[in-house]
Amino acid sequence: MQTIDNYNFAGKKAIVRVDFNVPLDENGKVTDDTRIRGALPTLKKILADGGALIIMSHMGKPKGKVNPKFSLGQIKDVVAEKLGVAVQFAPDCAKAAEQAAALKPGEVLLLENLRFYPEEEGKPVGIDKEDPAYAEAKEAMKASQKEFSKTLASYADAYVNDAFGTAHRKHASTAVIADYFDADNKMLGYLMEKEVNAVENVLNNIKRPFTAIMGGSKVSTKIGIIENLMDKVDNLILCGGMTYTFAKAMGGEVGLSICETDKLDLALNIMEKAKAKGVNLVLGTDCVAADSFSNDANTQIVPVGAIPEGWEGLDAGPDTRVLFTNAIKDAKTILWNGPAGVFEFDNFTAGSRAIADAIVEATENGAFSLVGGGDSVACVNKFGLADKVSYVSTGGGALLEAIEGKVLPGIKAIKG
Ligand code: AMP
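Residues numbered from 1 in each chain as written. Predicted model: local features only at pLDDT ≥ 70, side-chain atom pairs only at ≥ 80, totals over all residues. Heavy atoms only, no water.

**Q** Let's hear about the domain arrangement of the protein: which residues, and what values?
**A** Here the protein is described as being made up of domain 1 (13-193) and domain 2 (206-402). For domain 1 and domain 2, the distance between their C-alpha centroids amounts to 36 Å. Taken together, the contact between domain 1 and domain 2 spans five residues of the former and eight residues of the latter. The contact between domain 1 and domain 2 buries some 530 Å² in all, and 64% of this surface belongs to carbon and sulfur atoms. (Domains from an automatic or database assignment. Contact = heavy atoms within 4.5 Å. Buried area = accessible area lost by both parts, 1.4 Å probe.)

**Q** Could you give me a rundown of the environment of A96, with the residues and numbers involved?
**A** By the element assignment, A96 lies in the loop between β3 (88-90) and α3 (97-101). Taking relative accessible area as the criterion, A96 reaches 0% and is therefore assigned buried. The sequence separation of A96 and D179 amounts to 83 residues, and the corresponding C-alpha distance is 20 Å. Once residues within four sequence positions are removed from consideration, A96 is found in contact with A90, L109, L111 and Y155. (Helix = DSSP H or I, 4+ residues; strand = E, 2+ residues; numbered from the N terminus. Buried < 20%, exposed > 50% of the residue type's maximum accessible area, 1.4 Å probe, protein only.)

**Q** How would you explain the site of the ligand if you had to name every residue and give the values?
**A** Near the ligand you find 14 residues, and of these S217, K222, G313, E344 and D375 are the closest. Between the ligand and the protein, one listed contact pairs an oxygen atom with a backbone N or O atom of S217 at 3.1 Å. In this structure, K222 approaches the ligand through a side-chain N or O atom, which is 3.0 Å from an oxygen atom. Isolated, the ligand exposes 500 Å² of accessible area, and the fraction of that covered by the protein chains is 81%. (Near = heavy atom within 4 Å. Polar contact = N/O pair within 3.5 Å; in protein donor to acceptor, adjacent residues only side chain to side chain. Areas by Shrake-Rupley, 256 points an atom, 1.4 Å probe, with all protein chains shown as cover.)

**Q** Hey, could you go over the packing of helix α7 (residues 223-230) against helix α9 (residues 264-277) for me, with residue numbers and the actual values?
**A** Axes are the key here: two packed helices are described by the angle between their axes and the distance separating the axes. The N-to-C vectors of α7 and α9 enclose an angle of 15 degrees; their axes lie 11 Å apart at closest approach. As judged from the angle between their axes, α7 and α9 are roughly parallel. The way α7 lies across α9 gives a crossing that is left-handed. From α7, I223, I226, E227 and M230 reach across to α9, where they touch L266, I270, K273, A274 and K277. (Axes fitted to C-alpha atoms, helices over the stretch in contact; angles between N-to-C directions. Parallel < 35°, antiparallel > 145°, perpendicular 65-115°, else oblique. Left-handed = near helix turned anticlockwise from the far one by under 90°.)

**Q** Give me the sheet that holds strand β15 (residues 391-392): which residues, what numbers.
**A** Strand pairing in a sheet relies on backbone hydrogen bonds, with the paired strands running either antiparallel or parallel. Strand order in the open sheet formed by six strands is β9-β8-β7-β13-β14-β15, and the pairing between neighbours is parallel. The open sheet has two edge strands, β9 (280-283) and β15, and neither has a second partner. Here five bridges tie strand β7 (residues 210-214) to strand β13 (residues 333-337), and the two strands are oriented parallel to one another. For T211, the partnering residue across the bridge sits in β13 and is I334. Helix α6 (residues 190-203) contacts β7, β13, β14 (368-371) and β15 of the sheet and is inclined by roughly 115 degrees relative to β14. (Pairing = 2+ DSSP bridges.)

**Q** Talk me through the pattern of salt bridges; I want residue IDs and the actual numbers.
**A** With the rule as written, the count across this model stands at 15 salt bridges. Ionic pairing is found between E121 and K123, a salt bridge with its closest N-O pair at 3.8 Å. Linking K329 and D330 is a salt bridge whose minimum nitrogen-to-oxygen distance equals 3.6 Å. The class for K329 is partly exposed, based on a relative accessible area of 26%. When salt bridges that share partners are traced, they join D33, R37 and K82 into one network. (Salt bridge = Lys/Arg side-chain N within 4 Å of Asp/Glu carboxyl O.)

In structure tokens form, the structure reads like this:
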């Protein structure tokens, strides 16, 4: 497989798929530039080699229609500032051939939002899935998606995918376009390489003991990951809202706590599987129960299966925090997805904080720690600990699918 480090972009034009789906305020100003900064090493390497750069991305969900609210023109100046070079703008991503052809080494062209074209996502528009003509419309869309991808590919000599956040989507710019470049001229960008390596470390290149911490609100949304991890981990901590589905499944009283009553069998099944596989399943024993879903609620510490009527468990209790810490601090591989409580409320962060602190300690002692998939990232950011873990993933859904063991189309398109 070609790598970005081995490739010399001198005199070449590179088209790079980045994830510049950044949040904007009501005046179109970028409020968080993390994603732009994330792509800079790749973009700068191409320019430093003496290549010309064509940058493409989606922004928001314009659903295949031009919508100025989602125009990437709004971020052109921020990209220019971060890159330190002027950025030209192509107001129609599918009609940028002339601008691309005129690019000289060191010059940068930013294409308008790919999702202004339905071909990017490849979903037929204006036709219901139930409609008998849908299958035909889908075929037609597939053909025009290929044409669209071919047009984008025609702008450049090389293709780089650095958009991990959309790697789980088989879109024109994330996967189909790769068909129009030979193996030597397509590669992952630096950010993608880092993400792929991080996932590799927790799925295949495991140093033991391996502790995975799965939290968040529901067991149903995490089941694919839990099942895939069950064959790999030594310790599996299940925390957050799913605690109460397990407590209820074991015959406990959970009051008003979040609980999936239709998943009680699933919870018991997970417990049995863990036992059969010799996995140390760590569930909370006590919790911080609250008399309302608010930061200022009255609280009491109670067993997870003995929550008084009208109360709900919103965070891990003190005994539980010790259990979690003990299962994490000596681990050599750690994966954390999902908070241990309603961390958005400052009074219910203790469980997540204990996890984060134990991960930091283990990391200082040589563990590889990956934090990712939505809210646990917000958690480590809130605690100011993001730079004290080995890797914080930028990809929510993509990371979750990767650790479920699914092959990501964006990566497959390049790796084969
Ligand atoms: P998820 O998107 O499934 O990872 O869930 C993250 C959300 O789970 C966060 O917004 C947390 O506030 C929420 N959460 C964690 N613990 C609890 C709990 N005990 N009760 C209700 N929500 C929770």
